[in-house]
Amino acid sequence: MGVKCCRPSGAFNPESKKIIQLSNATPNEAEQGTPLLIVDIEEERIFRSKVSLRIVSSIKGMSQLNIDNSLYLCGSESESTLGAYMINIDNTKSTNSDVKFLVNAQYPHVNPSMIAIPSNSILVIGGKKQIKCEKFDITNSKWKYIPELPEERYKCNLFIDANSKYVYLFGGFCSELGRNCDDILRMKLDTQMIWERISIREGAELLSKTSSGIIRDKDEEKKSKVVYILGGKDNQKELCDSIVEFDMKKRKARRIKTQ
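Quick notes on the rules
- Residues numbered from 1 in each chain as written.
- Predicted model: local features only at pLDDT ≥ 70, side-chain atom pairs only at ≥ 80, totals over all residues.
- Heavy atoms only, no water.
- Pairing = 2+ DSSP bridges.
- Helix = DSSP H or I, 4+ residues; strand = E, 2+ residues; numbered from the N terminus.
- Axes fitted to C-alpha atoms, helices over the stretch in contact; angles between N-to-C directions.
- Contact = heavy atoms within 4.5 Å.
- Polar contact = N/O pair within 3.5 Å; in protein donor to acceptor, adjacent residues only side chain to side chain.
- Salt bridge = Lys/Arg side-chain N within 4 Å of Asp/Glu carboxyl O.
- Buried < 20%, exposed > 50% of the residue type's maximum accessible area, 1.4 Å probe, protein only.
- pLDDT = per-residue confidence, 0-100.
- Phe/Tyr/Trp six-rings, centres within 6.5 Å; stacked < 30°, edge-to-face > 60°.
- Lys NZ or Arg CZ within 6 Å of the ring centre and 35° of its normal.
- Lys, Arg positive; Asp, Glu negative; His and termini not counted.
- Patch = residues over 30% accessible without salt bridge, like charges linked within 9 Å, V, L, I, M, F, W, Y side chains within 5 Å.
- Areas by Shrake-Rupley, 256 points an atom, 1.4 Å probe, with all protein chains shown as cover.
- Charge placed at Lys NZ, Arg CZ, Asp CG, Glu CD.

Asker: I'm lost on the sheet that holds strand β7 (residues 70–75) in this one. Help?
Answerer: Across a sheet, paired strands are connected by hydrogen bonds in the backbone, their directions being either parallel or antiparallel. Here 4 strands make up an open sheet; going across it, the order is β6-β7-β8-β9 and the pairing antiparallel. Of all strands in the sheet, those with a lone pairing partner are β6 (62–67) and β9 (98–101), marking the two edges. Across the sheet, the mean angle from the axis of one strand to that of its neighbour is 20 degrees, orientation sign disregarded. Where β6 lies against β7, 6 bridges are found, and the strand directions are antiparallel.

Asker: Teacher, can you tell me more about the environment of N88 here?
Answerer: Among the structural elements, N88 can be located in strand β8 (residues 85–90). For the pair N88 and Q64, spaced 24 residues apart in sequence, the C-alpha separation works out to 9.6 Å. Those residues in contact with N88 that sit more than four places away from it in its chain are S70, L71, Y72, D98, V99, K100 and L102. A distance of 3.3 Å separates a polar atom in the side chain of N88 from the backbone oxygen of L71.

Asker: For this particular structure, what's the right way to read the pattern of salt bridges?
Answerer: For the structure on display, the rule yields 10 salt bridges. The shortest N-O distance in the salt bridge between R186 and E196 comes to 2.8 Å. With R186 in strand β18 (residues 184–188) and E196 in strand β19 (residues 196–198), the pair connects residues that are 10 residues apart, well separated along the chain. Across the pair E202 and K252 runs a salt bridge whose closest N-O atoms are separated by 4.0 Å. A residue pair is termed long-range when its members are at least 10 positions apart, and E202 in the loop between β19 and β20 (213–219) and K252 in strand β23 (residues 252–256) qualify at 50 residues. K252 sits in the partly exposed class, given a relative accessible area of 38%. Via salt bridges that share partners, E151, R153, D183 and R197 belong to a single interconnected network.

Asker: Help me out: how do you make sense of the sheet that holds strand β13 (residues 142–146) in this one?
Answerer: Within the open sheet, the 4 strands sit side by side as β10-β11-β12-β13. Their pairing is antiparallel. The sheet is open, and its two edges are formed by β10 (113–117) and β13, each paired on a single side. On average, each strand axis in the sheet is inclined to that of its neighbour by 25 degrees, with strand direction left out of account. Inspection of the sheet shows strand β12 (residues 130–137) paired to β13 by 5 bridges, in the antiparallel sense. Residue K135 lies in a different strand from β13, and its bridge partner there is K144.

Asker: Any chance you could explain the confidence of the model for the protein here in plain terms?
Answerer: Do not read the fine detail of predicted coordinates wherever pLDDT is low. Per-residue confidence for the protein averages 84 on the pLDDT scale, and 84% of its residues sit at or above 70. With pLDDT under 50 throughout, residues 1–6 is counted as low confidence; its partners more than four residues away or in other chains account for 22 contacts.

Asker: Sorry if this is basic, but what is going on with the packing of aromatic side chains here?
Answerer: Each pair of aromatic rings is reported with the distance of its centres and the angle of its planes. Under the defined criterion, the tally for this structure stands at 6 aromatic pairs. Between F159 and Y168, the aromatic rings sit 5.3 Å apart at their centres with planes inclined by 15 degrees, giving stacked as the arrangement. Exposure class is identical for F159 and Y168. Each is buried. The structure contains a cluster of three or more aromatic residues connected by ring pairs, namely F159, Y166, Y168, F170 and F246. We note R186 situated over the ring of Y166; from NZ or CZ to the ring centre the distance is 4.1 Å.

Asker: In this structure, what is going on with unusual backbone geometry? I would like to understand it.
Answerer: Residues other than glycine predominantly adopt negative phi, and peptide bonds predominantly adopt the trans conformation. In this model, N120 sits at a positive phi of 60 degrees, which is unusual for a non-glycine residue. Located in the positive-phi region is R251, a residue other than glycine, with phi close to 60 degrees. Summarising the element assignment, R251 is placed in the loop between β22 (243–247) and β23.

Asker: Which parts of the structure should I look at to understand the side chain of D247?
Answerer: With respect to the secondary-structure elements, D247 resides in strand β22. Despite its burial, D247 remains without a salt bridge, the nearest opposite charge being carried by K250 at 4.7 Å. Ignoring sequence-local partners within four residues, the contact set of D247 consists of K225 and K252.

Asker: Just checking my understanding: could you explain a positive patch on the surface for this structure?
Answerer: The grouping of K128, K129, K155, K233 and K237 at the surface amounts to a positive patch. Within the fold, K129 resides in the loop between β11 (121–127) and β12. Its relative accessible area of 62% is what places K129 among the exposed residues.

The structure is reproduced here in structure tokens:
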């Protein structure tokens, strides 16, 4: 389908048959090292491990992205004026994860949205009280500034359509508006990468979410592009258990009935 989602379940180690994922750390836990959730596929159990990252204050402000079963973490502590940390936890070589500190971002990003793009790069988008966006080149470990968001989009959702070379941004909280956004932003990767706004013709309130998951399905015969949005929090800060289908061509959203 040519689509990657920005809400991965964690990095999988094919040798040990385990999945790792960063978990929220309490102050006491963080002082002893960063907790990682470990899912053992063969033994069907979940447990915690610790990796000392020396950046206790920034753990809660980090987001994660899985690329080729390697976990990338990026983020800053609240009110930080320094560039966000970028860390790689390589979980593919052995049962012991290899932690690497990469070059810091240019700007602070508290819980930014992250997505991998075809040029072996990572887009780090906004974050809490932040509209700056950056691109990290994994091969050269270099950061590049890309056009900023038109407004804050905190805890938004991204997906990439590799066929059309667009990155789409759904939902996200805007402090100035005091609510989740009900339109879509998109940016074409092979041009000036400027964000443009897409209005929703029907069902915009169903897209006003934060921290939801996105899956895209493409119907080749009908040449339609459909996005499925799972869960999230609405403008009443209530957790949603609904699945929303969004037709990219018609720009209409509808709720799918679930049992």
